[in-house]
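# Results of the structural survey
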Amino acid sequence: MAIRVQSTAFDPGAEVNAMHAANVGVGAVVSFVGYVRDFNDGLDVAGMFLEHYPGMTEKALGKIAIEAEERWPLLKLEVLHRIGALEPGEPIVFVGAASAHRQAAFDACAFVMDYLKTRAPFWKKENTREGARWVEGRDSDHAAADRWKQ
Amino acid sequence: MNLTVKFFARYREALGVDSVKVEGDFATVDDVRALLAKRDGADVLSEQNLMCARNEDLCQLDEPVSDGDEVAFFPTVTGG
């Protein structure tokens, strides 16, 4: 399991390749990449700033990853999240789940994203023509996370 | 009892500080919240979807607190 919270850019393709490079027992890699959009809630977005809670953010992501590893037979799990200033088109988040077979990888990747959206302390502030604004949480994110409750 | 309280994102901006030290007899995170909610600009601490953490773990408002704890209040998280 690898958790990285960083202000520097990353290459999602290289991350996917690294998911199976060290283990030929990996039969499936499912990855999710989230990007900064140039439009949200009716306004053009020129960029955003991602605030986090140093210490807790890494701890929260680690707990989510451990829970995923307990629930599915994963061979590798990576969670990478940007902080600081980002521009439209840049990757914000990468989640990669590697397993022998596809279903565990699909489910673990979706689970990690759903929990990250509702439990990991990150906050987006968008720069728009009308000034900067904090992005508000969505009820649909909580509904998505609730489906994993056992 | 001495605690450190941190604020993030919109709450940090509303309160004008990212961290405060508080002293008093607190049983729960909600006791800390209630004291701080009386400050200027602290209306945000009465929002229904407020989130909180104790020692870097998400918790509920009825979470007990101990001397030296770090408590945090913040709006709904929006990462990913």
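Calculation notes
- Residues numbered from 1 in each chain as written.
- Chains lettered and ligands numbered in written order.
- Predicted model: local features only at pLDDT ≥ 70, side-chain atom pairs only at ≥ 80, totals over all residues.
- Heavy atoms only, no water.
- UniProt positions renumbered as here; feature names shortened; annotations may be inferred.
- Helix = DSSP H or I, 4+ residues; strand = E, 2+ residues; numbered from the N terminus.
- Rg over C-alpha atoms; globule rule 2.2 N^0.38 Å.
- Buried < 20%, exposed > 50% of the residue type's maximum accessible area, 1.4 Å probe, protein only.
- Contact = heavy atoms within 4.5 Å.
- Areas by Shrake-Rupley, 256 points an atom, 1.4 Å probe, with all protein chains shown as cover.
- Lys, Arg positive; Asp, Glu negative; His and termini not counted.
- Charge placed at Lys NZ, Arg CZ, Asp CG, Glu CD.
- Pairing = 2+ DSSP bridges.
- Axes fitted to C-alpha atoms, helices over the stretch in contact; angles between N-to-C directions.
- Parallel < 35°, antiparallel > 145°, perpendicular 65-115°, else oblique.
- Left-handed = near helix turned anticlockwise from the far one by under 90°.
- Nonpolar A, V, L, I, M, F, W, Y, C, P; charged D, E, K, R; others polar.
- Salt bridge = Lys/Arg side-chain N within 4 Å of Asp/Glu carboxyl O.

An unreviewed UniProt entry lists chain B under the name Molybdopterin synthase sulfur carrier subunit, with Pseudomonas migulae given as the organism. According to its UniProt record, chain B has this under Sequence similarities (unreviewed entry): "Belongs to the MoaD family."

## With respect to the overall build of chain B
Helix and strand counts for chain B stand at 2 helices and 5 strands. For chain B, the α and β elements follow one another from N to C terminus as β-α-β-α-β-β-β. In terms of C-alpha radius of gyration, chain B reaches 12 Å, essentially the compact-globule figure of 12 Å for 80 residues. In terms of overall dimensions, chain B has C-alpha extents of about 35 × 30 × 20 Å along its principal axes. Taking all 80 residues of chain B together, the buried fraction comes to 46%. The long-range fraction of contacts in chain B, counting pairs at least 24 apart against all pairs at least 6 apart in sequence, stands at 53%. Here chain B has roughly 3,900 Å² of accessible surface; of this, 42% comes from carbon and sulfur atoms. Considering chain B, the positive charge centre built from 8 side chains and the negative charge centre built from 16 side chains are found 4 Å apart.

## As for the sheet that holds strand S5 (residues 74-82) of chain A
Residue and element names in this part refer to chain A. With respect to topology, 4 strands assemble into an open sheet ordered S1-S5-S7-S2, the strand pairing being mixed. Strand pairing shows two members of the sheet lacking a second neighbour, strand S1 (2-6) and strand S2 (28-35), which therefore form its edges. On average, each strand axis in the sheet is tilted by 5° relative to the strand beside it, whichever way the strands run. Here S2 runs beside strand S7 (residues 91-99); their pairing, made up of 8 bridges, is antiparallel. If you follow Val30 over to S7, its bridge partner there is Ala97. Running at roughly 15° to S7, helix H1 (residues 12-21) makes contact with S1, S2, S5 and S7 of the sheet.

## Quick look at the packing of helix H3 (residues 102-119) of chain A against helix H4 (residues 139-146) of chain A
Residues and elements named next belong to chain A. Interhelical geometry of H3 versus H4 gives an angle of 135° and a closest axis separation of 8 Å. Put simply, H3 runs oblique to H4. For H3 against H4, the interelement crossing comes out left-handed. Seen from H3, the contacting residues are Asp114, Tyr115, Lys117 and Thr118; seen from H4, they are Asp141, His142, Ala144 and Ala145. In terms of residue class, the contact of H3 with H4 is built from 3 nonpolar, 2 polar and 3 charged.

## Focus: unusual backbone geometry
Phi angles above zero are rare outside glycine, and Asp41 of chain A is one such case at about 50°. Position of Asp41 of chain A among the secondary structure elements: in the loop between strand S3 (39-40) and strand S4 (43-52). Residue classification places Asp41 of chain A among the exposed positions, given a relative accessible area of 59%. In this structure, Ala9 of chain B is a non-glycine residue whose phi angle is positive, near 55°. When you line up the elements, Ala9 of chain B lands in helix H1 (residues 9-15).

## So, the pairing of strand S3 (residues 51-54) of chain B
All names here are of chain B. Relative to strand S5 (residues 70-74), S3 is paired through 4 bridges, and the arrangement is antiparallel. Its bridge partner lying in S5, Cys52 is registered against Phe73. Two elements, S3 and strand S4 (residues 57-59), share 3 bridges in a ladder whose sense is antiparallel. Paired with Ala53 across the two strands is Leu58, which belongs to S4.

## A word on the pattern of salt bridges
Residues and elements named next belong to chain A. Applying the stated criterion to the full structure yields 18 salt bridges over all chains. In this structure, Arg82 engages Glu90 in a salt bridge whose closest nitrogen and oxygen atoms are separated by 3.0 Å. Accessibility expressed as a relative area gives 3% for Arg82, which makes it buried. Each of the salt bridges in this network shares a partner with another, and the network as a whole consists of Arg4, Glu15 and Glu78.

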